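Structure at a glance
This is what each chain is made of:
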Amino acid sequence: REDVALGTSPLPKTQSFFATLWDFSRPHTLIGSALCIPALHYFAAPTLQAAVAPTVLWSCLTACLPAFLINIYITGLNQITDVAIDKVNKPYLPIASGALSVRAAIVT
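Fair warning: this is a prediction, and the values are worked out from it, not measured in the lab. Starting from 1, residues in each chain are numbered consecutively following that chain's sequence as written. Reporting of local features is limited, given that this is a predicted model, to residues whose pLDDT is at least 70; pairs of side-chain atoms are given and counted only at 80 or more, and all residues count toward the totals for whole chains, interfaces and linings. Working from all heavy atoms in the structure, the side-chain values ignore hydrogens and water.

**What about a nonpolar patch on the surface?**
Put simply, a patch holds well-exposed residues, over 30% relative accessible area, that have no salt bridge, with like charges counted together within 9 Å and Val, Leu, Ile, Met, Phe, Trp or Tyr side chains within 5 Å. Only the protein chains shown count as covering a residue, and every accessible area follows the Shrake-Rupley method with a 1.4 Å probe. Just to be clear on terms, a salt bridge is a Lys or Arg side-chain nitrogen sitting within 4 Å of an Asp or Glu carboxyl oxygen. Together, Tyr 42, Leu 48, Val 52 and Leu 57 line one region of the surface with nonpolar side chains, adding up to about 380 Å² of accessible area. Mapped onto the elements of the fold, Val 52 is located in the loop between helix 4 (48-51) and helix 5 (54-81). Working definition: with a 1.4 Å probe on protein chains only, accessible area under 20% of the residue-type maximum means buried, over 50% means exposed, and in between means partly exposed. Val 52 sits in the partly exposed class, given a relative accessible area of 47%. Comment: elements are numbered from the N terminus, with helices defined as DSSP H or I runs of at least four residues and strands as E runs of at least two.

Next up, the structure:
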C-alpha cells in the first residue's frame, strides 16, 4: 500500500491492524446475539432431538454469521458518527483514541 510505504498509514505502529480491528468491532456486543439466536432455535424445536439435528445446528450457524456482521457494522457506524462524543465518554475506542482514522474505519 502506498500510504504504508510513505509512512502515512492511518494506523499507528504501536498496535497491529488486527488488534485495532478487534477493538473497533467491540466483540463483547456479540454476546447477546451468540446467546439469543441458538436459544430461539432451541425454543422453537419440538423436542431435544430435533433441537440438535444437523439442519437446526446449520441454520443456527447461518443465522449467527450475518447477525455478527450486522452487529459489527452497527458498532462501527456508531464509532464513525459519534467521534466527538466518544472522545469524552469512551476515549479508549480506536477512532476516539487516534488508533484508527475515520477514513480507515470506513474502508475497513
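**A short note on the state of the cysteines**
For this text, the term disulfide refers to a pair of cysteine sulfurs within 2.5 Å. Enumeration over the complete set of coordinates arrives at 0 disulfides. Between Cys 36, a cysteine without a disulfide, and Cys 64, which holds the nearest cysteine sulfur, the sulfur-to-sulfur distance is 10.0 Å. Note on Cys 64: no disulfide assigned, nearest cysteine sulfur contributed by Cys 60 at a separation of 5.0 Å. Judged by relative accessible area, Cys 64 falls into the buried class, the value being 9%.

**Section: the packing of aromatic side chains**
Pairing of aromatic rings covers Phe, Tyr and the six-membered ring of Trp, with a centre-to-centre limit of 6.5 Å; geometry is then stacked below 30 degrees between planes, edge-to-face above 60, and tilted otherwise. In the structure shown here, the tally under the stated rule is 1 aromatic pair. Relative to Phe 18, the ring of Phe 17 lies with its centre 5.4 Å away and its plane at 75 degrees, an arrangement referred to as edge-to-face.

**Describing helix 2 (residues 17-25)**
An α-helical turn contains 3.6 residues, so a residue and the one three or four places further along point in the same direction. Within helix 2, the full set of buried residues consists of Thr 20, Phe 24 and Ser 25. Down the axis, helix 2 shows its buried residues gathered within 135 degrees of arc, on one side only. Across helix 2 from its buried face, at more than 90 degrees, point the exposed residues Phe 18 and Trp 22. Next to the buried residues of helix 2 lie helix 5, helix 7 (94-97) and helix 8 (102-107). Arg 26 lies just past helix 2 and shows a positive phi near 50 degrees. When we speak of the arc, we mean the arc of directions from the helix axis to the C-beta atoms. Note on definitions: a residue-residue contact is assigned when non-hydrogen atoms from the two residues lie within 4.5 Å.

**Some thoughts on the packing of helix 3 (residues 31-44) against helix 5**
Running from N to C, helix 3 and helix 5 point in directions that differ by 150 degrees, and their axes come no closer than 9 Å. In terms of their interaxial angle, helix 3 and helix 5 are classed as roughly antiparallel. Crossing geometry of helix 3 relative to helix 5 is assigned as right-handed. Note on element contacts: helix 5 touches helix 3 through Val 56, Leu 57, Ser 59, Cys 60, Ala 63, Cys 64, Ala 67, Phe 68 and Asn 71, opposite Ser 33, Ala 34, Ile 37, Pro 38, His 41 and Tyr 42. Three residue categories are used. Nonpolar comprises Ala, Val, Leu, Ile, Met, Phe, Trp, Tyr, Cys and Pro, charged comprises Asp, Glu, Lys and Arg, and polar comprises the others, including Gly. Tallied by class, the residues present in the contact of helix 3 with helix 5 amount to 11 nonpolar, 4 polar and no charged. Axis angles are defined between N-to-C directions and span 0 to 180 degrees, where every axis is a line fitted to C-alpha atoms and, for a helix, only to the segment in contact. Angular relationships are summarised with four words: roughly parallel below 35 degrees, roughly antiparallel beyond 145, roughly perpendicular across 65 to 115, and oblique for the angles in between. Left-handed describes a crossing whose near helix is turned anticlockwise from the far helix through less than a right angle; right-handed describes the clockwise counterpart.

As far as function goes, none of this settles anything; it's purely spatial.
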